[in-house]
Amino acid sequence: MEKRTDKNSYTVIFAIGMVLVVGALLAYLASALKPMITENQRLEKQQNILYAMGINNNTPGSATFISTDEAPEKFEKYITDQVVLEVKDGKIVSQLSREEYKAKNSGQEPYLIDVKKQQANAKAGKNRKLPLFVGEKEGKKFYIAPIRGKGLWDAIWGYIAMDENMVVQGAYFDHKGETPGLGANIKQRYFMDDFYGEHLLTEAGVFKGITISKSNADPTNQDKKDYEIDAIAGATITGDGVTAMIKKDLKLYVPYFKNLKNKQ
Amino acid sequence: MGKDTKLILDPLADNNPITIQVLGICSALAITAELEASIVMSISVLFVLGVGNVVISLMRNIIPSKIRIIVQLIVVATLVIIVDLVLKAFAYELSKTLSVFVGLIITNCIIMGRFEAFALGNGPWRSFLDGIGNSLGYAVILIIVGFFRELLGSGTLLGIKILGDPVAKTGLYAFGYENNGFMLLSPMALIVVGIIIWVQRSRNKALIED
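Just so it is clear, the structure is predicted and the values come from calculations on it, not from any experiment.

The rules behind the values
Residues numbered from 1 in each chain as written. Chains lettered and ligands numbered in written order. Predicted model: local features only at pLDDT ≥ 70, side-chain atom pairs only at ≥ 80, totals over all residues. Heavy atoms only, no water. Core = buried A, V, L, I, M, F, W, Y, C linked by side-chain atoms within 4.5 Å. Buried < 20%, exposed > 50% of the residue type's maximum accessible area, 1.4 Å probe, protein only. Contact = heavy atoms within 4.5 Å. Salt bridge = Lys/Arg side-chain N within 4 Å of Asp/Glu carboxyl O. Helix = DSSP H or I, 4+ residues; strand = E, 2+ residues; numbered from the N terminus. UniProt positions renumbered as here; feature names shortened; annotations may be inferred. Buried area = accessible area lost by both parts, 1.4 Å probe. Polar contact = N/O pair within 3.5 Å; in protein donor to acceptor, adjacent residues only side chain to side chain. Pairing = 2+ DSSP bridges. Axes fitted to C-alpha atoms, helices over the stretch in contact; angles between N-to-C directions. Parallel < 35°, antiparallel > 145°, perpendicular 65-115°, else oblique. Left-handed = near helix turned anticlockwise from the far one by under 90°.

As for the nonpolar core
Ile144, Phe173, Phe195, Val242 and Leu250 of chain A are the most contacted members of the largest nonpolar core, which totals 60 residues. With residues near it in sequence (within four places) discarded, Leu250 of chain A still touches Ala145, Ile147, Ile160, Met162, Met166, Leu200, Phe207 and Met245 of chain A. Within the second largest apolar cluster, 49 residues are counted, among which are Val40, Val75, Phe101 and Ile110 of chain B.

With respect to the pattern of salt bridges
Applying the stated criterion across every chain yields a total of 16 salt bridges over all chains. For the salt bridge of Glu109 of chain A with Lys102 of chain A, the shortest nitrogen-to-oxygen distance reads 3.3 Å. Put simply, Asp84 of chain B and Lys88 of chain B hold a salt bridge, and the shortest N to O gap is 3.6 Å. Remark: Lys88 of chain B and Asp84 of chain B occur in helix H4 (residues 68–90); sequence separation between them is 4 residues, near one turn of the helix. Judged by relative accessible area, which is 16%, Asp84 of chain B ranks as buried. Three or more residues are tied together by salt bridges with common partners; here these are Glu44, Asp174 and Lys187 of chain A together with Lys96 of chain B.

Some details on the UniProt feature "domain: FMN-binding" (unreviewed entry) in chain A
Feature annotation in UniProt places "domain: FMN-binding" (unreviewed entry) on residues 151–253 of chain A, given in this structure's numbering. A helix fraction of 19% and a strand fraction of 21% characterise residues 151–253 of chain A, whose end C-alpha atoms lie 22 Å from each other.

What to know about the interface of chain B and chain A
The interface is formed by 33 residues belonging to chain B together with 36 residues belonging to chain A. Taken together, the two surfaces of chain B and chain A that pack against each other cover about 2700 Å², and 71% of this comes from carbon and sulfur. Summed over the shared surface of chain B and chain A, the number is 2 salt bridges. For Lys96 of chain B, the salt bridge identified is with Asp174 of chain A, shortest N-O distance 2.4 Å. Here chain B and chain A share 7 residue pairs in polar contact (both at pLDDT 80 or more) between them. For the side of chain B that touches chain A, the elements supplying multiple residues, two or more each, are helix H3 (35–59), H4 and helix H5 (92–106) of chain B. Broken down by element, the residue count for the side of chain B that touches chain A peaks at 11 residues, all from H4 of chain B.

Focus: the sheet that holds strand S3 (residues 128–137) of chain A
Residues and elements named next belong to chain A. In space, the 6 strands of this open sheet follow the order S2-S1-S3-S4-S5-S6, with antiparallel pairing throughout. The open sheet terminates on both sides in strands that have one partner only, identified here as strand S2 (91–96) and strand S6 (168–175). Neighbour-to-neighbour, the strand axes of the sheet open up by a mean angle of 25°, direction not taken into account. Note: strand S1 (residues 79–88) against S3, 8 bridges, orientation antiparallel. By the bridge assignment for S3, Ile79 is matched with Gly135.

Quick notes on the packing of H4 of chain B against H5 of chain B
Residue and element names in this part refer to chain B. Remark: H4 packs on H5, axes separated minimally by 8 Å, with the N-to-C direction vectors making an angle of 165°. The orientation of H4 relative to H5 falls into the category roughly antiparallel. When you trace H4 past H5, the crossing you get is left-handed. Contact with H4, carried on its side by Leu73, Val76, Ala77, Val80, Asp84, Leu87, Lys88 and Phe90, involves Tyr92, Leu94, Ser95, Leu98, Val102, Ile105 and Ile106 of H5 and no other residues of that element.

If you want it as structure tokens, here you go:
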């Protein structure tokens, strides 16, 4: 005897019903929770940027952000300025201050600029907006730039804090879906801390970037001018992704730093 | 031994999902380079399989048999996405730790395997116990593999340096010991799982198939 659930008509009705129920449920949840998720992401960006300039609750061996309650207040205090550069074909077309940018973009803060979208703009031949955050801590100035690229499985991104000579003063990396235990370790302190003090420019002022190297023979990272960081074993592609995003995205800021020097 | 206790205890050894049923192998190879990741994955699977088995079991009489696999897939994907969304809104830190695992849970064949083999033919309570039992059995293997891979591959456990510092040459490393980088790669996980299977079957001959 054929069961009721074997009928074609039942199958079709069941499938339609299930799709409607599940679709409605997920759509409702996604839109109901969206404001909270966006707020969490905003605070996370603040935490990331502050982390790169050394404002964090790190304990030996583990990377810890300042708490989300503190983040907005400290962000306001330590990030003294935000600059937006518009670049096209590697040249700076215009430079906006934080206030100018906010006035033009209905009050949106420069640090909320979506790097992914801007990279797509650049690919499409349009101007790319490059945010740069200027921080000040204990009389020292930090210039923090967001970078973004591809890892093995999905997106990787980070924030690099530099001084006016483009010497790295701190780095933060994160990823969407790198392999736990391998590529995911780019957000471990032993990897991120290595970047401290590393030079991006040669003596002559030419941009060289930093390469994640498997053969730099300097695992304790004593040489800060070798333009190399010791790679993570078993995470070659993720490491190459980090190299690529540093070289590609930070290079765009070089003219800004040159201008900065000339002004002094 | 009661029938219900058997549902929990069997998958821990004699009917282990990984070593006997050969379910969930992919994730056992992929994420066991670190003990912590193994534990997080185990807890996630425990949750999804426990709840998913109950949901499928409740729906078992209305699911059309022609599209049952797709229905199972939808149920597990929906569950995982709901959990992910709720965590992103209320426990953002935790959701970041879990984010990589979300995709892995949906495609984990242990989930579909137990839905298909058990929950479709049994009541909710027994299905729940089966889900818990199987995910515990899965957890045992994951944790064993993760333990050896992290210890021999990185010289650490849960991120704590157990064997000394490989760079500063302290502890074991002072005697010329080196971490085995091969342990960090997936092929070595397969070999470790193979060794577990070998040990298990040599101790219990009844498990050997012709």
